[in-house]
Amino acid sequence: MASKEDILSKIKANKPDFIELPDMDFSVFDDRKPILEEFIKKVELAGGSIFEVVSIDDVLDKVSSLFPDAKQNYAALNNSEHFNTLNLENVKQAQDLERLDVLVLESDLGVAENGAVWIDDKQLPLRVLPFITKHLVFVLEKNKVVGFMHEAYQKLNLPETGFGVFISGPSKTADIEQSLVLGAHGALSLTVLLV
Amino acid sequence: MNHPKLADLFNEDEKRVDWHDKALWFVRHKRDLSVHQVQGWETLRNYGRAIKAHTLSNLDAYLEEFESNALENGVQVHWAVNAEEHNEIVHKILDEHKAKKVVKSKSMLTEECHLNPFLESKGIEVIDTDLGERIVQLAKEPPSHIVLPAIHKDRHEVDALFQEHLGTEPCDGNPQYLTNEARKHLREKFIEADAAITGVNFAIAETGEFVVCTNEGNADMGAHLAPVHIACMGVEKIIPKREHLGVFLRLLARSATGQPITTYSSHFKKPREGAKMHIVIVDNGRSEQLGRPDFRASLHCIRCGACMNTCPIYRRSGGHSYNATIPGPIGSILSPGKDLTKHSDLPFASTLCGSCSDVCPVKIDIHTQLYKWRQIITKEVKQPFVKKQSMKLMGKLFANPKQFKISGKIARFALKNLPKKIINAKPNVWGKSRDLPTGQKKSFDDWYKNRQKHGE
Ligand code: SF4
């Protein structure tokens, strides 16, 4: 406690006179790019793949055709019992998740300017899943894509969320001589299915 | 060893220097391409700067707001006046959980506090999990760049390190193979870990949550698997509202690597069921820097690394030559605030070309601050030492006639203000067959006007 008082009193003594927050006019950022086209471009730029599917019922067929060799699958969707080979209730330790090949999650927010997709505790049965899976698939309705990050935060008014993440493309690194390698610690591939 | 000497050492391998220079310039170039696509980029920078300036002017209140919200979220909050206290707190938490194996994701703060050697001395294994950081950890070196920690190493050195420490096959430095082996090796570490330590990119007062940005997913792999997550942050990481992330997340990755956003921007608010979450809030000299009107804007820094990538001196002298946790232009204005005598060479490791200030996403007037430190150092640090420093570096810089012409105005200023001996110093490493990028006219003018305004 003593340290807290100490730090705060020093800050109080040393800070400048009060400066107002800026009035922000987000309309200056509007570049009128077509949202969906931009989103598709940016998902691909980030190293992801993106496909359109006719309806939510076609999602799992599409996933099976994309990953024909997958053995361990889990989809957090309605009516996915026939697809799921992993029972989360039996998961006791991290090792049990290690062989997860494909994870399918539904998102309700995508961002065109950077291809990011939002996911949080509401749609996440276990927080580590989208990171530990080999392949990650997001299902997203077309009308859930916004243009910019400031619009995304206007939508994200979720006081109850304990954890949430924007994910743009598969995990990657360029730490060895600046050569881009997909699949660092997280997912090796990321696919967005637009409904 | 001071900066000019260490820079000499780095310059012994000419090929390496050329490669380093080009690699960083390439990253700078990617930044340019990316920001040119953003409508209203300059306004975005202005907003970033203004939010940070506002936050600093109300920092004590925001820190308290952050703490009370974090506590309400079920997170434990600790305060550390300095590096020692920070390390003690982290150790105590680990001890309480009997944690012996720790995975850490990138955090310049824990580098600054020298947390790893401290914990290792207590018998705790600390594994850096960012690939670049793991490489330098295996090489027993500090990071040489805040975003690209192993930028000074080539693929063959990484190959050799991995053969020695991870038992990999010789692969002629194949990045795909090496990354894949590191993934396997670090997977084991994530799964075994008793605790995870991460840094913090932004801490939101309004909600008590904090955001961590990575491309690799290492912060998340650590934090969501281990029973305890400790997040360490400097007091300046606070931003007032969640909506302000809509400004900073647009600025950060574009400035850092040219990506429109990092792969993962993770918002941690409450611990997951059955796990514990701790936040350590650290001062370690920041409140003092806040009290220096000329230098307080250095606390706006969001650690994107753009000022390093663009700096002609950094690119050709390497991060280690700065002998400080944060190298490059921003490090050269932060470090003298911590130890003026030890770091008195750093503000001279600059051409004052102003390129750093031009790319900085939160518009820190870096080169003006460098100039101001020089004045303070000339007054306060023993003269012969300072003269020797400035002579060595400026001598090297002004020895090259091409450079001399390009930076005409700076040179004219130097001619007026520096002793003759400096101007006439013998050509040396910097002069050898290399051109520095053009000094940027606009920012020099800004700096000059600013100087006049203050009657200097
Ligand atoms: S000073 Fe500016 S450019 Fe340099 S690392 Fe900090 S935010 Fe980036």
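Residues numbered from 1 in each chain as written. Chains lettered and ligands numbered in written order. Predicted model: local features only at pLDDT ≥ 70, side-chain atom pairs only at ≥ 80, totals over all residues. Heavy atoms only, no water.

### Observations concerning the overall build of chain A
- The secondary structure content of chain A amounts to five helices and eleven strands.
- At 20 Å, chain A has a C-alpha radius of gyration far larger than the 16 Å of a compact globule built from 195 residues.
- Structurally, chain A occupies a C-alpha span of about 65 × 45 × 40 Å along its principal axes.
- Per-residue burial over chain A gives 53% buried out of 195 residues.
- Here the analysis covers contacts within chain A between residues at least 6 apart in sequence; of these, 70% occur between residues at least 24 apart.
- Accessible area for chain A stands at about 8900 Å²; split by element, carbon and sulfur atoms hold 48% of it. (Helix = DSSP H or I, 4+ residues; strand = E, 2+ residues; numbered from the N terminus. Rg over C-alpha atoms; globule rule 2.2 N^0.38 Å. Buried < 20%, exposed > 50% of the residue type's maximum accessible area, 1.4 Å probe, protein only. Contact = heavy atoms within 4.5 Å. Areas by Shrake-Rupley, 256 points an atom, 1.4 Å probe, with all protein chains shown as cover.)

### Remarks on the site of the ligand
- As a matter of local geometry, the ligand sits amid 13 residues, with Cys301, Cys304, Gly305, Cys307 and Cys360 of chain B nearest to it.
- Partitioning the shell around the ligand into residue classes produces eleven nonpolar, one polar and one charged. (Near = heavy atom within 4 Å. Nonpolar A, V, L, I, M, F, W, Y, C, P; charged D, E, K, R; others polar.)

### Things to note about the sheet that holds strand 1 (residues 49–52) of chain A
All names here are of chain A.
- Spatial ordering of the open sheet is given by 1-11-6-3-2, a layout of five strands whose pairing is parallel. With one partner strand each, in any of the chains shown, strand 1 and strand 2 (73–75) form the two edges of the open sheet. Neighbouring strand axes in the sheet, compared pairwise and without regard to direction, differ in orientation by 20° on average.
- Both strand 1 and strand 11 (residues 189–194) contribute to a ladder of four bridges, which runs parallel. For Ser49, the partnering residue across the bridge sits in strand 11 and is Thr191. (Pairing = 2+ DSSP bridges. Axes fitted to C-alpha atoms, helices over the stretch in contact; angles between N-to-C directions.)

### Considerations on the interface of chain B and chain A
- Each partner contributes residues to the interface: chain B has 89 residues there, and chain A has 73 residues.
- Both sides of the chain B and chain A interface together cover about 7000 Å² of buried area, and 61% of this is carbon and sulfur.
- The tally of links from chain B across to chain A stands at six salt bridges.
- For Lys15 of chain A, the salt bridge is made with Asp60 of chain B, and the minimal N-O distance between the two is 2.9 Å.
- Scanning the region where chain B abuts chain A turns up 33 residue pairs in polar contact (both at pLDDT 80 or more).
- In the side of chain B that touches chain A, the residues fall into 41 nonpolar, 25 polar and 23 charged.
- Two strands pair when backbone bridges link them, and strand 8 (residues 163–167) of chain A and strand 9 (residues 264–268) of chain B are joined in this way by five bridges, in the antiparallel orientation. Bridge pairing in strand 9 of chain B links Gly164 of chain A to His267 of chain B. (Buried area = accessible area lost by both parts, 1.4 Å probe. Salt bridge = Lys/Arg side-chain N within 4 Å of Asp/Glu carboxyl O. Polar contact = N/O pair within 3.5 Å; in protein donor to acceptor, adjacent residues only side chain to side chain.)

### Things to note about the confidence of the model for chain B
All names here are of chain B.
- Looking at chain B as a whole, the pLDDT averages 87, with 84% of positions reaching at least 70.
- Within the model, pLDDT remains below 50 along residues 397–445, and this stretch shows 76 contacts once partners closer than five positions in the same chain are excluded.
- For this predicted complex, the interface score ipTM comes out at 0.97, alongside a pTM of 0.89. (pLDDT = per-residue confidence, 0-100.)

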